[in-house]
Amino acid sequence: MATVTLRNLVKAYGSTEVLHAINLDVANGEFVVLVGPSGCGKSTTLRMIAGLEEVSAGEILIDDKVVNHLEPKQRNIAMVFQNYAIYPHLTVRKNIGFGLRTAKMSKADKDRRIEEVAAILSMTDYLERKPSQLSGGQRQRVAIGRAMVRDPTVFLFDEPLSNLDAQLRTQMRLEIKKLHQRVGNTIIFVTHDQVEAMTMADRIVIMKDGHIQQIGTPAEGFHKPANTFVAQFIGAPSMNMLDARWHGKRLHMAGEEMSVDLSLPEQSALTVGIRPDDLLVSDAPGVFSGTINVLEPLGAETLVYVDIGNGQEVIAKASGRQPPALGARVNLSLDPANMHLFDQTGKAIA
Amino acid sequence: MSDAEIKVSAEGLMRQTGTYKPPRDPMQIVRWTLLFMGAVVMVMPLVYMLSASMKYPHEMFEMNIIPREPTFENYALVLSDGRFLQWFVNSLIIAIATTVSAVFFDALVGYTLCKFDFRGRYIIFIAILSTLMIPTEMLVLPWYMMSLHFGWLDTYWGIMFPGLMTAFGTFLMKQFFETVPDDFLEAARIDGLNEFQIWWSVAMPLVTPALSALAIFIFLGNWTAFIWPLIVTTDQSLYTLPVGLTTFSVEQSVQWELIMTGAALATIPTLIVFLVFQRYIIRGVAMAGLKG
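Okay, so let's go over this structure. (Residues numbered from 1 in each chain as written. Chains lettered and ligands numbered in written order. Predicted model: local features only at pLDDT ≥ 70, side-chain atom pairs only at ≥ 80, totals over all residues. Heavy atoms only, no water.)

## Some remarks on the overall build of chain B
Threshold: The way it works is that DSSP assigns letters per residue, a run of H or I at least four long becomes a helix, a run of E at least two long becomes a strand, and they are numbered from the N terminus. Working definition: with a 1.4 Å probe on protein chains only, accessible area under 20% of the residue-type maximum means buried, over 50% means exposed, and in between means partly exposed. Between two residues, a contact is recorded if the distance between any of their heavy atoms is within 4.5 Å. Accessible surface area values rest on a Shrake-Rupley calculation with a 1.4 Å probe, where residue burial reflects the displayed protein chains alone.
Along chain B, the regular secondary structure elements total 14 helices and zero strands. Listed N to C, the secondary structure of chain B is α-α-α-α-α-α-α-α-α-α-α-α-α-α in terms of helices and strands. Looking at the 292 residues of chain B, the share that counts as buried comes to 37%. A sequence separation of at least 24 residues applies to 69% of the contacts in chain B between residues at least 6 apart. For chain B, the exposed area adds up to about 16,900 Å²; of that, 71% sits on carbon and sulfur atoms.

This is how it looks when you write it as structure tokens:
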């Protein structure tokens, strides 16, 4: 186990800077997920920690030791790649044992270690098979096994589940989480899937355009988003965003007004974020009313797309058992405490 | 029922009973004819070579394919001549050594040009490629001068050195290494392998079909090489098979039956290589998009 620290980490290709002074502290045994849309710099950050990309500026510390100029093999890390990167010409046994080729261990010790790892990953029966004879999930387990076998201090995962189908992804997500609970190593995991990030991480690091937008627990990211980007990126379906104005001690939005306890300058322009979970279809008069444009039944609940006038549409949640009818006029209720307020720059108003 | 409908239903019935034969495409007949003619042009010299190797000298210039008095005396004569075996061994040594060397260095240079980013990489690649445009006949003189000055005339090394690394092979391998995902190499780098180990243990096994195809091309090319071995050797004991066979023609006469017999025997290794590795040759030609 080890700590990982990034200090003002910069990556530039020529004159183009793609990662701008990243700062991050990963604690011993922590499971941190870097999440963000494509091109946000999460994989680049991971590859720099692995030593596969040169650091343009700043420092990477593993266990308080600067590793900027160390070769990947000297960093005692292991990495699982998106495409598994297991060697098609080698058996599962040889793939798992590949990382031990340069280890100063006896053959018996190496074999014992391979068997141990295979047992942890339930791959003992497949040790003599070639990767082509394995399913996607089993291949991913082999890739994880190869990472585990050297007993590294830090595990790096680069979107390892993105090639799996939805069911297998859920299963592997659980397995990786269990594995972390079992071995307790420090894990830095990269994904663009916010559900993966939310379900697995101790802390998530939300990134955009080479900047960290927020670092916090999944609950903090969901309930206390630092800005509109985080608010919309975390949570599915995405948070509703409505333009609003603070005027006469009341909040005016979408043609409606409501009384909220706020201390803002008069005529402040705001963005109000409301999670679809907090916007409930009800019979009683609510904050908004409108016509249902689209229904998306999800089983336990139904997503309702409601036209609330002025060309604005919001997503609300309704019962899955008794969903409202398409085209019906409905009221939407909201607890003002669940509203998220952002200033004109997109930053959250505390 | 219209004629068209009757025709359609009859065709359906024939399909059901399995007696339906699709109409012949006239273009297909043309294609097959051209293919047959091409095959005749390619195969006839081989057939004539085999036929001539079993003829007596007086029958040599008759165009009959099947000899009137077939004989294996020519084979006995050629095989009993110790020189033939020596030339055969020389050819084998040179073809194998050159193949091993060229495959090794072509793959190493191709990998380096493909997977490492360094200043001048593109210029080096273009320089190597540009040598493909120079015909062998033009290179013979500088090769000879080098051999003369370095004392390589009449040595195995002298015969082999121009083929120890090839521009074609370097280009071929570079293209194939493009298909090896970088993730494999990076995973090995993290696992602690050095760059040579990564090339040898990870990248090379992933391009085995290309290596096989390249090895076959180089082996066949060296096995049949004539001009350079002829120029660089004067000692008969160092002759390769194609060069040695020319000694069967003397000033007054050419012993065609012996030349044909030697040529037929020389074909055996290439036939074995082809039969064993033909799927690699076909795959290699298809993948490289180049003529073998």
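The structure having been displayed, the exposition proceeds.
## Here we look at the packing of aromatic side chains
Just so we agree on the cut-off: In this analysis, rings of Phe, Tyr and Trp, with Trp reduced to its six-membered ring, are considered paired at centre separations within 6.5 Å, and the interplanar angle assigns stacked below 30 degrees, edge-to-face beyond 60, and tilted for intermediate values. A ring is considered to have a charge above it if a Lys NZ or an Arg CZ atom is located within 6 Å of its centre and within 35 degrees of its normal.
Applying the stated criterion across every chain yields a total of 25 aromatic pairs over all chains. On the basis of an interplanar angle of 80° and a centroid distance of 5.3 Å, the ring pair of B:F88 and B:W223 is categorised as edge-to-face. Here the residue B:F88 occupies a position in helix α4 (residues 82–115), and B:W223 occupies one in helix α11 (residues 208–223), the gap between them amounting to 135 residues. By relative accessible area, B:W223 is classed as buried at 3%. With a centroid separation of 5.7 Å and an interplanar angle of 50°, the aromatic rings of B:W199 and B:W200 are classed as tilted. When its relative accessible area of 1% is taken as the criterion, B:W199 is described as buried. One aromatic cluster is present, built from ring pairs that chain together B:W143, B:F150, B:W152, B:W157, B:F161 and B:W228. The ring centre of A:Y87 lies 4.8 Å from the NZ or CZ of A:R146, which sits over that ring.

## Comments concerning the interface of chain A and chain B
Our working definition: A simple way to read buried area is as the amount of 1.4 Å-probe accessible surface that goes missing from two parts once joined, with both sides added. For this document, the term salt bridge refers to a Lys or Arg side-chain nitrogen within 4 Å of an Asp or Glu carboxyl oxygen. Polar contacts, as counted here, are pairs of nitrogen or oxygen atoms within 3.5 Å of one another; within protein the pair requires one atom able to donate a hydrogen and one able to accept it, and residues that are adjacent in sequence qualify only if both atoms are side-chain atoms. Polarity classes work like this: nonpolar for Ala, Val, Leu, Ile, Met, Phe, Trp, Tyr, Cys and Pro, charged for Asp, Glu, Lys and Arg, and polar for all others, with Gly in that last group.
Each side of the interface is counted separately: chain A has 21 residues, and chain B has 15 residues. Contact between chain A and chain B buries roughly 1,600 Å² in total, counting both sides, with carbon and sulfur atoms accounting for 63%. Among the residues of chain A in contact with chain B, A:K73, A:Y87 and A:H89 are the three that bury the most area, contributing 28% of the side total. For the pair chain A and chain B, the number of links is three salt bridges. B:D191 is paired through a salt bridge with A:R150; the nearest N and O atoms lie 3.5 Å apart. At the boundary of chain A and chain B, one finds seven residue pairs in polar contact (both at pLDDT 80 or more). Those elements that provide at least two residues to the side of chain A that touches chain B are α1 (42–50) and β6 (77–80) of chain A. Among the elements that line the side of chain A that touches chain B, the one with the most residues is β6(A), at three residues. Of the residues assigned to the side of chain A that touches chain B, the class counts are twelve nonpolar, four polar and five charged.

## Brief notes about the sheet that holds strand β5 (residues 65–66) of chain A
The strands making up a sheet are joined through hydrogen bonds of the backbone, oriented either antiparallel or parallel. Residue and element names in this part refer to chain A. Cut-off, in case you're wondering: Any two strands with at least two DSSP-identified bridges between them are counted as paired. Axes here refer to lines fitted to C-alpha atoms; in helices the fit is confined to the stretch in contact. Angles between the N-to-C directions go from 0 to 180 degrees.
Taken in spatial order, the four strands line up as β2-β1-β4-β5 in an open sheet, and their pairing is antiparallel. Sheet topology places β2 (16–26) and β5 at the edges, where each strand pairs with a single neighbour. Bridge analysis of strand β4 (residues 57–62) against β5 gives two bridges, and the strand direction is antiparallel. Looking across to β5, one finds that I62 is bridged to K65. Along the sheet, α1 contacts β1 (4–13), β2 and β4; its crossing angle with β1, the most-contacted strand, is approximately 115°.

## Examining a nonpolar patch on the surface
We count it as follows: Only residues whose relative accessible area exceeds 30% and that form no salt bridge are eligible for patches; like-charged ones are grouped when within 9 Å, while nonpolar side chains (Val, Leu, Ile, Met, Phe, Trp, Tyr) are grouped when within 5 Å.
A contiguous nonpolar patch, built from B:M27, B:V30, B:L34, B:F36, B:M37, B:V40, B:M44, B:I65 and B:I66 and spanning about 880 Å² of accessible area, is present on the exposed surface. Summarising the element assignment, B:V40 is placed in helix α2 (residues 26–53).

## Observations concerning helix α3 (residues 73–80) of chain B
All names here are of chain B. What counts is decided by this rule: Throughout, the arc means that of the directions going from the helix axis to the C-beta atoms.
Taken residue by residue, α3 has N74, Y75 and V78 as its buried positions. One side of α3 carries all its buried residues, which in axial view fall inside an arc of 95°. Exposed positions of α3 whose direction lies more than 90 degrees from the buried face are E73 and S80.

## Describing the side chain of A:E30
Residue and element names in this part refer to chain A. On the secondary structure map, E30 appears in the loop between β2 and β3 (31–35). Engagement of the side chain of E30 in a polar contact is seen with the side chain of R203, the distance being 2.5 Å. Not counting chain neighbours up to four residues away, the residues in contact with E30 comprise D25, H180, N185, T186, I187, D202 and R203.

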